[in-house]
Amino acid sequence: AITFTNFSISGWSTYQGLANIGKIAGEKPDLMILAFGMNDASGRMPAAKFAGNIRGLMAATKQQQPQAEFILVASMLGNREWSYAAPELYPAYRDALAGLCGDGVALADLTTMWVELLKHKKFADLTGNNVNHPSDFGHRIYAQVVLGLLIEKFGK
């Protein structure tokens, strides 16, 4: 049986995630999807600090559930015309998350996917608010990238 619990809170950054990790890790998840970045970037958090906070979230979870595995989601891009967007941070965050990957930790790279999609689509085509939230199409892209990590590959 699979139990899904969503602890997401609109506007949270990794700071709030760390402040509340006890409750979340107390659920002893087998798999935790950590999808932070947009709000951290809006606050201009340096990539090294962002990665440190993610590392802290994983460590606190491992204390409660040593077998826990993680999917780290590298965020979509915020609209460059948005005053809170930090276009330079999204790839830096992606690279920092990639540095945390290894046994039991995988990267869902939405950042690279978004960059590629924006070569063919307008920003408004991917977002519901033309700023920082994916539309239904954008959510499908998120789901496909995450689910692609969970599907066993058969053959070459």
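Since we're looking at a predicted model, the values are computed, not measured.

Moving on to the packing of aromatic side chains. Across all of its chains, the model carries 3 aromatic pairs by this definition. Consider the rings of tryptophan 114 and tyrosine 142, whose centres lie 5.9 Å apart with planes at 70 degrees: the pair is edge-to-face. On the criterion of sequence distance, the pair formed by tryptophan 114 in helix H6 (residues 110-117) and tyrosine 142 in helix H8 (residues 136-150) is long-range, its members being 28 residues apart. Tyrosine 142 shares its class with tryptophan 114; the two are buried. Against the face of phenylalanine 137 rests lysine 121, its NZ or CZ located 5.3 Å from the ring centre.

What follows deals with the sheet that holds strand E3 (residues 105-109). Spatially, the 3 strands line up as an open sheet ordered E1-E2-E3, and their pairing is parallel. Edge positions in the open sheet fall to strand E1 (31-34) and E3, since each of these has one partner strand only. Strand-to-strand twist in this sheet, taken as the mean axis angle between neighbours without regard to direction, amounts to 20 degrees. With 4 bridges joining them, E1 and strand E2 (residues 69-74) adopt parallel strand pairing. Paired with methionine 32 across the two strands is phenylalanine 70, which belongs to E2. Strands in contact with helix H4 (residues 47-64) are E1, E2 and E3; relative to E2, the strand with the most contacts, it is inclined by about 160 degrees.

Interhelical geometry of H6 versus H8 gives an angle of 135 degrees and a closest axis separation of 10 Å. When the axis of H6 is compared with that of H8, the two are oblique. Of the two elements, H6 crosses H8, and the hand of that crossing is right-handed. Taken together, the residues of H8 that come into contact with H6 (itself represented by Leu110, Met113, Trp114 and Leu117) are Gly138, Ile141, Tyr142 and Val145.

Conventions and cut-offs
- Residues numbered from 1 in each chain as written.
- Predicted model: local features only at pLDDT ≥ 70, side-chain atom pairs only at ≥ 80, totals over all residues.
- Heavy atoms only, no water.
- Phe/Tyr/Trp six-rings, centres within 6.5 Å; stacked < 30°, edge-to-face > 60°.
- Helix = DSSP H or I, 4+ residues; strand = E, 2+ residues; numbered from the N terminus.
- Buried < 20%, exposed > 50% of the residue type's maximum accessible area, 1.4 Å probe, protein only.
- Lys NZ or Arg CZ within 6 Å of the ring centre and 35° of its normal.
- Pairing = 2+ DSSP bridges.
- Axes fitted to C-alpha atoms, helices over the stretch in contact; angles between N-to-C directions.
- Contact = heavy atoms within 4.5 Å.
- Parallel < 35°, antiparallel > 145°, perpendicular 65-115°, else oblique.
- Left-handed = near helix turned anticlockwise from the far one by under 90°.

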